[in-house]
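Residues per chain are reported as follows:
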Amino acid sequence: MAQDLLTVVVAAYNEAEALPALHPRLSAVLEGLRDDGVDGRVLYVDDGSSDGTWAVLQRIAAGDPRVSLLRLSRNFGKEAALTAGLDRVVDGAALILDADAQDPPELIPRFVAKWREGYDDVHGTRIARDGEGLLKRGTAHLFYRLIGRLSKTPIPQDTGDFRLLSPRALAALRQLRERHRFMKGLFGWVGFEQVAIPYQRERRIAGSSKFNFWKLWNFALEGITSFTTAPLRLATYLGVATALLAFVYALWIVLKALLWGDPVAGWPTMMSAILFLGGVQLVALGLIGEYLGRLYLESKQRPLYLVDAWQPATGVSSQQS
Ligand code: UDP
Ligand code: MG
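Residues numbered from 1 in each chain as written. Chains lettered and ligands numbered in written order. Predicted model: local features only at pLDDT ≥ 70, side-chain atom pairs only at ≥ 80, totals over all residues. Heavy atoms only, no water.

Caption draft 1: Region of interest: the pattern of salt bridges. Throughout the structure, instances matching the rule amount to 15 salt bridges. Here Arg66 and Asp64 are joined by a salt bridge, their closest N and O atoms 3.3 Å apart. Between Arg294 and Glu290 there is a salt bridge, with its nearest N and O atoms 3.1 Å apart. Of this pair, Arg294 and Glu290 both sit in helix H10 (residues 267-299), four residues apart, which is roughly one turn of the helix. Glu290 sits in the partly exposed class, given a relative accessible area of 32%. Connected through shared salt-bridge partners, Glu31, Arg34, Asp64 and Arg66 make up one network. (Salt bridge = Lys/Arg side-chain N within 4 Å of Asp/Glu carboxyl O. Helix = DSSP H or I, 4+ residues; strand = E, 2+ residues; numbered from the N terminus. Buried < 20%, exposed > 50% of the residue type's maximum accessible area, 1.4 Å probe, protein only.)

See below:
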């Protein structure tokens, strides 16, 4: 029987508590898929965890011949960890899953079915988020709307990284080597046939979220600055509008002086004009700096991640019958 190869890529950072609960569920799902002719494998990427994650992963790998392990030299962040994982998937399709089972592994067969219908990018869209506060849901909502407006690349709303990529989508993604990896945007940029699967985002099975408000804020900035130069355009418009206003006001001052003389007042107006212009200029400078900084980091061409250990699956070939 012809086998479709599918590798589930899981980035894990300090997930020693969640992984032992996740793996049996994942393993059961892959077992079920085998009857459908899908050769399922798992690749765990330890993103420089400081707890017992690596030891837990080794135990899991020792008991399951389908499991490969990759360990990064330090914590590079989820996007880099996923890139590292996807780089190692040389054959077949890849599916990205969170280690905390917030994206339920039981949905994988639905993703596979869509892939077999011919879709290249099957992504889960959250219709509900369990166990996430109003603030997180609200800001996430706002962020997706904002970036949807600003970015020319279509970025599906409320879509995380729970996603299956066909071999050709994966190959395309591998060509994008930018340092600032806003994955949601990169997937959108790749294109091909996309389809969304609505699902309920569940509660974390164990441990706590690795993203605090500050990290998410920076993540949002990252997304906006890597996918659109709209803020730069905004600075231009702001400049033009300010100049126009200033011009009209200057005309009025001159006219006033000609008509009624100049009694040398207007210190308050002068101060507010100077402060206002100073503020606008600093903001615009900051914006330019933001993009320039990114350009600088990009130009160093450093690798996106460094590998500490690679442990391929032991029994992949013996699995195929
Ligand atoms: N993660 C990672 N590196 C990091 C932070 C997170 O690999 O630096 C992984 C984490 O182990 C989990 C996934 O990314 O599998 C999502 O993280 P988390 O559940 O903390 O984010 P949330 O679901 O709260 O957005
Ligand atoms: Mg999570």
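Caption draft 2: Local environment of unusual backbone geometry. The backbone of Ala101 shows a phi angle near 60°, a positive value even though the residue is not glycine. Within the secondary structure, Ala101 sits in the loop between strand E4 (93-98) and helix H4 (108-116). Of note in the backbone geometry, Phe192 takes a positive phi value of approximately 65° without being a glycine. Relative to the helices and strands, Phe192 resides in the loop between helix H7 (183-190) and strand E7 (194-201).

Caption draft 3: Structural detail: helix H2 (residues 53-63). Those residues of H2 that sit buried are Thr53, Trp54, Val56, Leu57, Ile60 and Ala61. Seen end-on, H2 carries its buried residues on one side only, within an arc spanning 160°. Those residues of H2 that are exposed and angled more than 90 degrees off the buried face are Arg59, Ala62 and Gly63. Each element contacted by the buried residues of H2 is listed here: strand E1 (4-12), helix H1 (19-34), strand E2 (38-46), strand E3 (67-72) and strand E8 (307-311). (Arc of directions from axis to C-beta. Contact = heavy atoms within 4.5 Å.)

Caption draft 4: Seen up close, the coordination of the magnesium ion (ligand 2). The magnesium ion (ligand 2) binds to the protein through Asp100 (OD) and Gln102 (OE1); the donor distances cover 1.9 Å. Overall, the relative accessible area of 3% leaves Asp100 in the buried class. (Donors = N, O, S within 2.8 Å, 3.2 Å for Na, K, Ca; no water.)

Caption draft 5: Fine view of the site of ligand 1. As a matter of local geometry, ligand 1 sits amid 18 residues, with Asp47, Asp100, Gln102, Ser209 and Lys210 nearest to it. In this structure, Ala11 approaches ligand 1 through a main-chain N or O atom, which is 2.7 Å from an oxygen atom. Between ligand 1 and Asp47 there is a distance of 2.6 Å, counted from a nitrogen atom to a side-chain nitrogen or oxygen. The protein chains hide 94% of the 530 Å² of surface that ligand 1 would expose on its own. A per-class count over the shell around ligand 1 returns five nonpolar, four polar and nine charged. (Near = heavy atom within 4 Å. Polar contact = N/O pair within 3.5 Å; in protein donor to acceptor, adjacent residues only side chain to side chain. Areas by Shrake-Rupley, 256 points an atom, 1.4 Å probe, with all protein chains shown as cover. Nonpolar A, V, L, I, M, F, W, Y, C, P; charged D, E, K, R; others polar.)

Caption draft 6: Molecular detail of the pairing of E1. Most of E1 sits out of view: eight of its nine residues are buried. For the segment spanning E1, H1 and E2, crossover handedness is right-handed. (Right-handed = clockwise from strand over helix to strand, strands pointing away.)

Caption draft 7: Spatial organisation of the packing of aromatic side chains. In total, this model carries five aromatic pairs according to the counting rule given. A connected cluster of aromatic rings, assembled from ring pairs, spans Phe111, Phe162 and Tyr199. Seen from the ring of Phe76, Arg74 lies directly overhead, with NZ or CZ sitting 3.9 Å from the centre. In this arrangement the basic side chain of Arg88 is found over the ring face of Trp310, its NZ or CZ atom lying 4.6 Å from the centre. (Phe/Tyr/Trp six-rings, centres within 6.5 Å; stacked < 30°, edge-to-face > 60°. Lys NZ or Arg CZ within 6 Å of the ring centre and 35° of its normal.)

Caption draft 8: Geometry of the nonpolar core. If you look at the biggest cluster of nonpolar residues, it comprises 37 residues, and the most contacted ones within it are Leu6, Val10, Leu19, Tyr44, Leu95, Ile108 and Leu164. Not counting residues within four places of it along the chain, the set of residues in contact with Val10 comprises Leu22, Leu26, Val42, Leu43, Tyr44, Val45, Leu97, Asp98 and Ala99. Residues Leu43, Ala80, Val89 and Phe227 belong to the second largest nonpolar core, which totals 36 residues. (Core = buried A, V, L, I, M, F, W, Y, C linked by side-chain atoms within 4.5 Å.)

By themselves, these observations are geometric and do not establish any function.
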